[in-house]
Amino acid sequence: MKCPMCGKEYTEPIQRCECGEPVEFELFHGEPYIAKSVWERFYDFWPVEPNLELSLGEGDTPLIRSRLGKELGVKLYLKNETANPTWSFKDRGTFLAMSYAVKVGYKAVGTVSTGNMAASVAAYAARAGLKAKILVSGSASDEKLKAVSIYGADVIRVMGDYGRLYFESLELGEELGIYFMNSDNPFRVEGYKSIAFEIAEELTPDYVLIPTSSGGLFRGIAKGFLELFASGLIDKIPTLIAVQAEGCSPICRAFSEGKGRIERFETPRTIAHAIENPYPPSGNVVLKLLRELGGKCVTVSDEEILEAQKRLAEEGFFVQPSSATGIAALKKLNIPEEAKVVSILTGSGLKTISQIEGRSVRECELEKLEGCLKSDS
Ligand SMILES: *Cc1c(COP(=O)(O)O)cnc(C)c1O
Ligand SMILES: [Zn+2]
């Protein structure tokens, strides 16, 4: 393993470098053997044996051409991650991290999250027969926590600084024998590479839009394309676009100000809670990747996010606000005509039902049904 910031190398799969940054597995550049599920087709690219007995069928999600591209003059494809076992891309990373935890003999795993990652870790822990310790913030809603506790996880509300919890959990986890697979855990990042692999099997995109919070997803997709390139399987790396909510955009702010490091985003406020991390643990690495790969960082307002969520639903895709940010960003970017664009629909709208402004429902007497059906409202 190697630190992407300072370059220090490690032989054990630790989680953070001495310099404080995340460490990651070195770039794979061998000759790959390719077969069945994405874990088998890209077998050589994983630093841990994927344990298919722990699989819930994550990955191999649909990539679908969208009508919305027409008005924007681009060829738009949606990578529908809501089709994963717990309805978000987090399952890809959880599966690989769980494969590692089981392999080295952990009896308990954990994570720090309130939403998608919590449900994902709880589900895969149940599948693997391990205990799950899920640490959530004091403000986490009961509705979301039910979707976690159903899997039998031990859900713990932690009062105090939520930002510190990430580091605190890694330390205590090591002491207590609990493997914490947080947002940018190195195996998690490896699992997210599978999104790039699946996209590349179907087409060669010019742009990929990535909703970005901790930076784990962005790093995974970037690393996936870098490895395909290094292995000679693709001859071009797409332009990667990190998308953040205006009300919580520490990475985009540092990027536009030309800074090398992110700073904490004070008083974050957005409807897109799944990407509301004011101090992303992989923020500095994402900044570095954006610069090295010629990427872009775009922010979108809550209004634009809700509009994009509605537009996607009008085509049959029900995503959560965080997952609509890519489409919201598309309008603000100057993407050349006919470019092939992939937007990652990161998670399902069913997770955030209470945020939907309900469409009006009509009432109709059975006797008047014919009239009701003939009119549209
Ligand atoms: C976790 C998550 C993201 C952001 O991923 P990071 O790895 O934290 O950058 C985006 N959208 C949804 C729905 C998520 O659950
Ligand atoms: Zn380092």
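If you're wondering where the values come from, they're calculated on a predicted model, not measured in any experiment. (Residues numbered from 1 in each chain as written. Chains lettered and ligands numbered in written order. Predicted model: local features only at pLDDT ≥ 70, side-chain atom pairs only at ≥ 80, totals over all residues. Heavy atoms only, no water.)

Asker: Sorry if this is basic, but what is going on with the overall build of the protein chain here?
Answerer: Helix and strand counts for the protein chain come out as 13 helices and 10 strands. Its C-alpha atoms give the protein chain a radius of gyration of 21 Å, near enough to 21 Å, the size a compact globule of 377 residues would have. Projected onto the principal axes, the alpha-carbon positions of the protein chain cover approximately 75 × 45 × 45 Å. The buried share among the 377 residues of the protein chain stands at 54%. Looking at the protein chain alone, contacts between residues at least 24 apart form 68% of all its contacts between residues at least 6 apart. When the accessible surface of the protein chain is split by element, carbon and sulfur atoms take 50% of a total near 17100 Å². Computing the positive centroid from 44 side-chain charges and the negative centroid from 52, the protein chain places the two 1 Å apart. (Helix = DSSP H or I, 4+ residues; strand = E, 2+ residues; numbered from the N terminus. Rg over C-alpha atoms; globule rule 2.2 N^0.38 Å. Buried < 20%, exposed > 50% of the residue type's maximum accessible area, 1.4 Å probe, protein only. Contact = heavy atoms within 4.5 Å. Areas by Shrake-Rupley, 256 points an atom, 1.4 Å probe, with all protein chains shown as cover. Lys, Arg positive; Asp, Glu negative; His and termini not counted. Charge placed at Lys NZ, Arg CZ, Asp CG, Glu CD.)

Asker: What is the right way to look at the domain arrangement of the protein chain in this model?
Answerer: Think of interface size as the accessible area that goes away when the parts come together; that is how it is often given. Each domain of the protein chain was delimited in the assignment, giving domain 1 (1-30), domain 2 (42-84 + 192-355) and domain 3 (90-180). Computed from C-alpha coordinates alone, the two centres of domain 1 and domain 3 are separated by 23 Å. (Domains from an automatic or database assignment.)

Asker: Sorry, what's going on with the coordination of the zinc ion (ligand 2) here?
Answerer: Octahedral metal centres with six donors ideally show angles of 90 or 180 degrees, and tetrahedral centres with four donors ideally show 109.5 degrees. Note on the zinc ion (ligand 2): its protein donors are C3 (SG), C6 (SG), C17 (SG) and C19 (SG). The metal-donor distances range over 2.2 to 2.4 Å. Between the four donor atoms coordinating the zinc ion (ligand 2), the angles at the centre fall across 102 to 115°, so the site counts as tetrahedral. Each donor residue of the zinc ion (ligand 2) lies on the same chain, and together they follow the pattern C-x2-C-x10-C-x1-C. Placement of C6 in the segment before helix 1 (38-41) and of C19 in the segment before helix 1 is noted, with a sequence separation of 13 residues between them. (Donors = N, O, S within 2.8 Å, 3.2 Å for Na, K, Ca; no water. Tetrahedral: all angles 85-135°; square planar, octahedral: opposite > 155°, others 65-115°.)

Asker: Got a minute to help me understand the sheet that holds strand 6 (residues 178-180) in this structure?
Answerer: Through backbone hydrogen bonds, the strands of a sheet pair up, either in parallel or in antiparallel fashion. Ordered in space as 5-4-3-6, the four strands form an open sheet in which the pairing is parallel. Bordering the open sheet on either side are strand 5 (154-158) and strand 6, each of which pairs with just one other strand. For this sheet, the mean angle separating the axes of adjacent strands, direction not counted, is 25°. Two strands pair when backbone bridges link them, and strand 4 (residues 131-137) and strand 5 are joined in this way by five bridges, in the parallel orientation. What sits directly across from I134, in strand 5, is V155. Helix 4 (residues 116-128) rests against strand 3 (108-112) and strand 4 of the sheet, and its axis sits at about 170° to strand 3. (Pairing = 2+ DSSP bridges. Axes fitted to C-alpha atoms, helices over the stretch in contact; angles between N-to-C directions.)

Asker: Can you walk me through the pattern of salt bridges in this structure?
Answerer: Where charged atoms from two side chains of opposite charge come close, those side chains can pair. One pass over the structure, following the stated rule, counts 27 salt bridges. For the salt bridge of K79 with E198, the shortest nitrogen-to-oxygen distance reads 2.7 Å. Highlighted residues: K79 in strand 2 (residues 75-80) and E198 in helix 7 (residues 186-202), separated in sequence by 119 residues. For the pair K79 and E198, one class covers both residues: buried. We note a salt bridge from E81 to R92, for which the minimum N-O separation is 2.7 Å. Placement of E81 in the loop between strand 2 and helix 3 (90-103) and of R92 in helix 3 is noted, with a sequence separation of 11 residues between them. (Salt bridge = Lys/Arg side-chain N within 4 Å of Asp/Glu carboxyl O.)

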